[in-house]
Amino acid sequence: MSNVAPRPGDPRITPALVAEHGLTEDEFQRLVRMLGREPTFTELGIISALWSEHCSYKHSRPLLRTLPTEGPQVLQGPGENAGVVSVGDGLAVAFKIESHNHPSAVEPYQGAATGVGGILRDVFTMGARPIAMLNSLRFGSLDSARVRYLFAGVVKGIGDYGNCVGIPTVAGEIVFDDAYETNPLVNAMCVGVMKESELITAKAEGIGNPIIAVGARTGRDGIHGASFASEDLSEASDAKRPRVQVGDPFTEKLLLEASLELIRSGHIVAIQDMGAAGLTSSSAEMAERGEVGVTIDVSRVPVRESGMTPYEILLSESQERMLVVAKRGHENAVAEILQRWDLTAAVIGEVIAEPVYRVTEGDTVVAEFPGSRLVTDCPRYSPEARESDAIVRLRETDVASIPELPEEADPLWTLERMLSSPTIASKAWAYRQYDSTVRTNTVIGPGGDAAVLRLRGSNRAIAVKTDCNGRYVYLSPRNGARAAVCEAARNVACAGARPLAITNCLNFGNPRRPENFFQLSEAIAGMGEACRALGTPVTGGNVSLYNESPSGAVYPTPVIGMLGLIDDLSHVTPATWSEDDAVIVLLGEILGEPADGLGGSEYLARIHGTVAGAPPKCDPELERDTIACLLECIRAGHVRSAHDCSDGGLGVALAECAIANRSAVVGAEVDLSAWADVPLRELLYNEAQARIIVTVPESSLAEIARIAVKHMVPPMVIGRVRTGSGNLEIKHGKNRALVAPLDRLAAAYHDAIPAIMEGSVESAAVLEQAAVTTV
Amino acid sequence: MKQHRVYRIAVQIIPRAGLLDPQGNTITGALHSLGFKHVKSVHVGRHIVIETEAPDALQAETAVQEMCEKLLANPVTEDFEITSAVPL
Amino acid sequence: MKQHRVYRIAVQIIPRAGLLDPQGNTITGALHSLGFKHVKSVHVGRHIVIETEAPDALQAETAVQEMCEKLLANPVTEDFEITSAVPL
Amino acid sequence: MKFGIVTFPGSNCDYDAYRAVVDQLGAEATYLWHKSHELEGVDVVILPGGFSYGDYLRAGAIARFSPIMREVVAHARRGGPVLAICNGFQIACEAGLLPGALVRNAGMRFISDAVHLRVENESTMFTSQYEKGAVLRIPIAHGEGRYVADAATIARLQDDDRVVFRYCDAAGNLTGEANPNGSMRAIAGIVSDEGNVLGMMPHPERAVDPLLGPPDGLLLFESLLARTAV
Ligand SMILES: Nc1ncnc2c1ncn2[C@@H]1O[C@H](COP(=O)(O)OP(=O)(O)O)[C@@H](O)[C@H]1O
Ligand SMILES: [Mg+2]
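Residues numbered from 1 in each chain as written. Chains lettered and ligands numbered in written order. Predicted model: local features only at pLDDT ≥ 70, side-chain atom pairs only at ≥ 80, totals over all residues. Heavy atoms only, no water.

Caption draft 1: Here's a closer look at the interface of chain A and chain C. With seven residues of chain A at the interface, the matching set in chain C holds 11 residues. Remark: the boundary between chain A and chain C carries zero salt bridges. One can count one residue pair in polar contact (both at pLDDT 80 or more) joining chain A with chain C. Per-class residue counts for the side of chain A that touches chain C are four nonpolar, two polar and one charged. (Contact = heavy atoms within 4.5 Å. Salt bridge = Lys/Arg side-chain N within 4 Å of Asp/Glu carboxyl O. Polar contact = N/O pair within 3.5 Å; in protein donor to acceptor, adjacent residues only side chain to side chain. Nonpolar A, V, L, I, M, F, W, Y, C, P; charged D, E, K, R; others polar.)

Pasting the structure below:
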């Protein structure tokens, strides 16, 4: 071990400084024991980043261990930059989701943009070429000016970054709810493809191999981003603004091409993004995975500003940087490839046999940790978990007795109001800003249930979607997390895909509050249950805790990113109706069962301003069978369209089938008279899970029934498509019907968000401030 | 009431020092390859000219200051400066 | 040879009048809805700050003039003007 | 016939153009590196879409100085066909291969959508396989696609029948709503004086495979093939 002395000018280590670094007294003592001495300022900085929740998973790892991660399709499970699964024909798909919530709360445009950049790097460092981006967004109510600014900025940030790099953004979800008012959620997911043989991992190997910093220079931006992500948002967060990182998608595009070329070249052994906690965590993690030591000389790191200290260089989160371990003697070959892409590379360190993590500044050692314990030897917590009494009371509320509003006497009023709820309404205002067709793989882009991308060189395709209903998880965490997995699975199945594997992003509140830790542990349990039932292992994910603001925690929001596989391109299925006279069949959960309560529904939230009741029960076995039934029907060629019921229930789903494709709206006659004894609002707006609306030709009905019986999934014939009709007509017993003109439904659904955003001051502000060019 | 007249106020908005400036860097590189080797740095900001009515120059400037804070400049990533205010 | 020093040159690049100016119009509209009713017009251009070495201010300006003609301004749609040149 | 597709730093539709030519057209294609001085004997040059140099100063402004552009300009001067799509169109305008400029969309936002185009001139080497007035459905994806030029240039384009595509509605009518970016005279694509350089904002290379939508862009490539087949 070397002598490590404080650097001249470093602040003294005081309890206040330790606290400022987010370390508890116990954690500090743990650090002192690990080192056998007092840490230096640089070492304190390193540990503060590595022991943040974001890097160490100190509150979540034991829970995450319970998730199923294996399956014959899994080539790489959790622990690497991204998960990888086999999709046949020698091809593999790498995918991962990540949060950028707090940076986006402070600076929505750059926060979202750099979130996209980070997750892209996680995927291409596995050797995969990114082919699609997704996202999952949560904001407060659009009634708030700040929320409109956040929404406009995040959408533009996602679009500008992905568009410039040239990766299509193909799917996502956006939910608006007061619970996210000051703490929006911005989760970005990336999907890439490669040959199975091209998989590379980020394991430092080979004593004497050089460690090379590649890409952008290191500046003072984003210092302590990882710990920032691991604390509550507060007024004081405003003062942390200089941490803002600025994205450079152009450099990212060059990095992407250069990295893939490097990986294929055989000159390198490992590559990793310098993401959260920058150089510190990337180098420490690579060393840990390779079970080797490393030494890094910060004075050799290319910097953007003069006078940067080791502390700053190690903790900077400047974007578009990579760390590469090259084969010894191949440094020039590596440099040559980078040069071709106008990128610079600097050898900044070396893999060493001595089991230490050492940082020098020239010849002076400024930080040194024994062994590879830096990453593995972090604190672990299992705090108290206790459900909040208030939430129990909410869940037990009898919502059936909430009286209808006078306006609801006109069921068209209710349906229009549902369709114009920003959570349900078309998100085209957002995704029209995303290039969704570049790379020419997009078979189904945004607007359907799941996006479908063809896999070149095969007759297969993948379907992808992100989903989560945070309100369900809030009211009933275990059931809600199950539902998130199942909804995502249903969505890819509707497009014709077999659910294959998931990635997830756990957006929760401060785990040190028992009610939050209860939600976290229950949700992870529920996610595991659903994944086991559906056979979709978890291949990776991200934990974002401390999503709180002065008004409390956000809804617990475990966003699921689902990957599904379509074995044959002919199985790709649209969501909307088109074939005249096709029979509308409901597959899955029986209508009119007790499951049809309104608890936790969008109907209660939108029409009655109420978040209460028991959310619909999610039964993963029934979901599995319903999906299997649907897929068999699709493969047999019977299905013309498939769309699942989710937010807004059957009523909204039927309307979406009719009007989601605005340039080709299609009417229908639906007859729910068989359930005339169930109140219409419950039939239409309960959000029972495991329900899929399919249309099939008359001639297929018998076959559909046979397949459904085989899977023990009830099929219910509920209507007919009428392409010539201008209405969606829903009968409910004698003399009772909802006759909804399609143009009114379409206007409610398609114009809701533009009406709020177009011409808004906040939109103008974002467009002005984010103007890269100002012609 | 005081007579209003129109003032033309010019504002410069520039990316905050220390933040990465991809635009500036890329242009610097382009200028170098065009042969302008002596260029050390380039920063690109916006130049906004606002014509507004006000009772006097001071109030015109104060209003523009407020416009920048509320709308024109990004408080997190940009600095702004009023560079001129002339009556028309 | 004359000693070089660094000059900071500021340039304004302004969209040519007569072109549709959606950016200016959008901002004007937004300012009105924010209550700045007295705003008559807004025009947005680029403000570019270049630091370059040169033997003297004149040569620094000449170089920047050339940069604008060649790269920084689009002759079809924009005019430019050097607004300041100071030694550092 | 051999197509050469230029890759500038930040190009991202070069791959799509390559696949369109090779997979759908069955023709030969090669990538041309921006630093190269060689056109490698290609017959048609494609300047593809993307964000060359991040579009950081102005779309296309920096890329036009790439070494390869000297060769592309010479090729065009010799009458060689150049197909400039999206960012390629912007580069071609900056390089003086085509008149006018492409500025920020009137709505100021990036727009990704499938739009309708009307074939205004079916006698160019790029459109000979289309019928005059045909309505095509082709994706657009751009933030700076509003075509502008001075009045004299617009008049000349008009008089010389050099406007090849206009934005229209599904029925082929030129309406305000059908013009996605506010381009003057709804111009979506123009050819050079000599007719051998086509610049267009929409992406025909994304509309060649029936799997992904109507393959309305395919005839554009086939027009080029037909030309040399004669
Ligand atoms: N942020 C977004 N980015 C891209 N596409 C989005 C986004 N939000 C929603 N979409 C698309 O809009 C459609 C409807 O989304 P959603 O309401 O979440 O569907 P579902 O109820 O089937 O889960 C989907 O095609 C989805 O991919
Ligand atoms: Mg769905």
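Having seen the structure, we can now continue with the description.
Caption draft 2: Structural context of the confidence of the model for chain D. Averaged over all residues, the pLDDT of chain D equals 97, while 99% of them reach at least 70. Reported confidences for the modelled complex are a pTM of 0.96 and an ipTM of 0.96. (pLDDT = per-residue confidence, 0-100.)

Caption draft 3: A look at the site of ligand 1. Residues and elements named next belong to chain A. Residues in contact with ligand 1 amount to 18 residues; listed here are only the nearest, Asn-135, Gly-447, Gly-448, Asn-491 and Ser-646. Residue Gly-448 places a main-chain N or O atom 2.5 Å away from an oxygen atom belonging to ligand 1. Between an oxygen atom of ligand 1 and a side-chain N or O atom of Asn-491, the distance comes to 2.9 Å. In isolation ligand 1 offers 550 Å² of accessible surface; the protein chains occlude 92% of this area. Looking at which element gives the most residues to the shell around ligand 1, the answer is strand E5 (residues 169-176), with four residues. Within the shell around ligand 1, the residues separate by chemical class into five nonpolar, six polar and seven charged. (Near = heavy atom within 4 Å. Areas by Shrake-Rupley, 256 points an atom, 1.4 Å probe, with all protein chains shown as cover. Helix = DSSP H or I, 4+ residues; strand = E, 2+ residues; numbered from the N terminus.)

Caption draft 4: How the structure looks around the pattern of salt bridges. All names here are of chain A. Across all of its chains, the model carries 65 salt bridges over all chains by this definition. Asp-751 is paired through a salt bridge with Arg-662; the nearest N and O atoms lie 2.9 Å apart. Linking Asp-751 in helix H26 (residues 742-757) with Arg-662 in the loop between helix H23 (649-659) and strand E24 (667-671), this pair joins segments that are 89 residues apart in sequence. According to the relative accessible area criterion, Arg-662 is partly exposed, its value standing at 40%. Put simply, Arg-720 and Glu-698 hold a salt bridge, and the shortest N to O gap is 2.5 Å. Taken together, the residues span a long stretch of sequence, with Arg-720 in strand E26 (residues 715-722) and Glu-698 in the loop between strand E25 (691-696) and helix H25 (701-710) at a distance of 22 residues. Note on Arg-720: relative accessible area 22%, which makes it partly exposed. If you follow the salt bridges from partner to partner, you end up with Asp-581, Glu-669, Glu-698, Arg-720 and Arg-722 in one network. (Buried < 20%, exposed > 50% of the residue type's maximum accessible area, 1.4 Å probe, protein only.)

Caption draft 5: The arrangement of the interface of chain A and chain D in detail. Contacts between chain A and chain D engage 36 residues on the former and 36 residues on the latter. Summing both sides of the interface, chain A and chain D together bury roughly 3300 Å²; the carbon and sulfur share of this comes to 55%. Run the count over chain A and chain D and you get six salt bridges. Measuring nitrogen to oxygen at the nearest pair gives 2.8 Å for the salt bridge that ties Arg-206 of chain D to Asp-435 of chain A. The interface formed by chain A and chain D holds 20 residue pairs in polar contact (both at pLDDT 80 or more) in total. Listing elements by their share of the side of chain A that touches chain D, those giving two or more residues are helix H8 (145-165), helix H10 (249-265), helix H13 (331-340), strand E14 (442-444) and helix H27 (761-769) of chain A. At four residues, H10 of chain A tops the list of elements feeding residues into the side of chain A that touches chain D. Classifying every residue of the side of chain A that touches chain D gives 15 nonpolar, 11 polar and 10 charged. (Buried area = accessible area lost by both parts, 1.4 Å probe.)

Caption draft 6: Seen up close, the sheet that holds strand E15 (residues 451-454) of chain A. All names here are of chain A. The six strands are arranged E14-E15-E16-E21-E17-E18 in an open sheet whose pairing can be described as mixed. Whereas interior strands pair on both sides, the edge strands pair on one side only; in this sheet they are E14 and strand E18 (538-544). Averaged over neighbouring strand pairs, the angle between their axes works out to 25° when direction is ignored. Two strands pair when backbone bridges link them, and E14 and E15 are joined in this way by two bridges, in the antiparallel orientation. Directly across from Thr-442, in E15, lies its bridge partner Leu-453. Along the sheet, helix H20 (residues 514-534) makes contact with strand E17 (498-507), E18 and strand E21 (557-566), crossing E17 at roughly 175°. (Pairing = 2+ DSSP bridges. Axes fitted to C-alpha atoms, helices over the stretch in contact; angles between N-to-C directions.)

Caption draft 7: The arrangement of the packing of helix H7 (residues 108-124) of chain A against H10 of chain A in detail. All names here are of chain A. Packing of H7 against H10 leaves a shortest axis separation of 10 Å and a crossing angle of 10°. The angle between the axes of H7 and H10 places the two elements in the roughly parallel class. On H10, the residues touching Gly-117, Leu-120, Arg-121 and Phe-124 of H7 are Glu-252, Leu-255, Leu-256, Ser-259, Leu-260 and Ile-263. (Parallel < 35°, antiparallel > 145°, perpendicular 65-115°, else oblique.)

Caption draft 8: Broad picture of the sheet that holds strand E22 (residues 583-588) of chain A. Residue and element names in this part refer to chain A. Here seven strands make up an open sheet; going across it, the order is E23-E25-E22-E26-E24-E27-E28 and the pairing mixed. Lying at the two open borders of the sheet, with one neighbouring strand each, are strand E23 (641-644) and strand E28 (737-741). Between one strand axis and the next, the sheet turns by 20° as a mean value, whatever way the strands run. Note that E22 and E25 share six bridges and pair antiparallel.

Caption draft 9: How the structure looks around the coordination of the magnesium ion (ligand 2). Residues and elements named next belong to chain A. At 2.0 to 2.2 Å from the magnesium ion (ligand 2) lie its protein donor atoms, namely Asp-449 (OD), Asn-491 (OD1) and Asp-644 (OD). Along the chain, the residues that donate to the magnesium ion (ligand 2) are spaced as D-x41-N-x152-D. Within this pair, whereas Asn-491 is found in helix H19 (residues 477-494), its partner Asp-644 is found in strand E23, the two being separated by 153 residues in sequence. Given the relative accessible area of 1%, Asp-644 is considered buried. (Donors = N, O, S within 2.8 Å, 3.2 Å for Na, K, Ca; no water.)

Caption draft 10: Just the side chain of Ser-56 of chain A, in detail. Residue and element names in this part refer to chain A. Here Ser-56 is to be found in helix H4 (residues 53-56). A relative accessible area of 2% places Ser-56 in the buried class. Not counting the four nearest positions on each side in its chain, Ser-56 is found in contact with Leu-50, Trp-51, Arg-61, Cys-378 and Arg-380.

Caption draft 11: How the structure looks around H27 of chain A. Within H27 of chain A, nine of the nine residues are buried, which leaves it mostly tucked inside the rest of the structure. Listed in full, the buried residues belonging to H27 of chain A are Val-761, Glu-762, Ser-763, Ala-764, Ala-765, Val-766, Leu-767, Glu-768 and Gln-769 of chain A.

Caption draft 12: Representation of the environment of Ser-458 of chain A within the structure. Residues and elements named next belong to chain A. The residue Ser-458 is located in the loop between E15 and strand E16 (461-467) in this model. As for Ser-458 and Leu-91, which are separated by 367 residues in sequence, their C-alpha atoms are 8.9 Å apart. For Ser-458, the residues in contact, after removing those within four places along its chain, are Asp-89 and Leu-91.

Caption draft 13: Region of interest: the pairing of E21 of chain A. Residue and element names in this part refer to chain A. Burial analysis of E21 places 10 of its 10 residues in the buried class, the great majority of the element. Burial along E21 is two-sided: the residues Thr-557, Val-559, Gly-561, Leu-563 and Leu-565 and Pro-558, Ile-560, Met-562, Gly-564 and Ile-566 are all buried. Sheet analysis places E16 next to E21, joined by seven bridges and oriented antiparallel. Across the sheet, the residue bridging to Thr-466 is Gly-561, located in E21.

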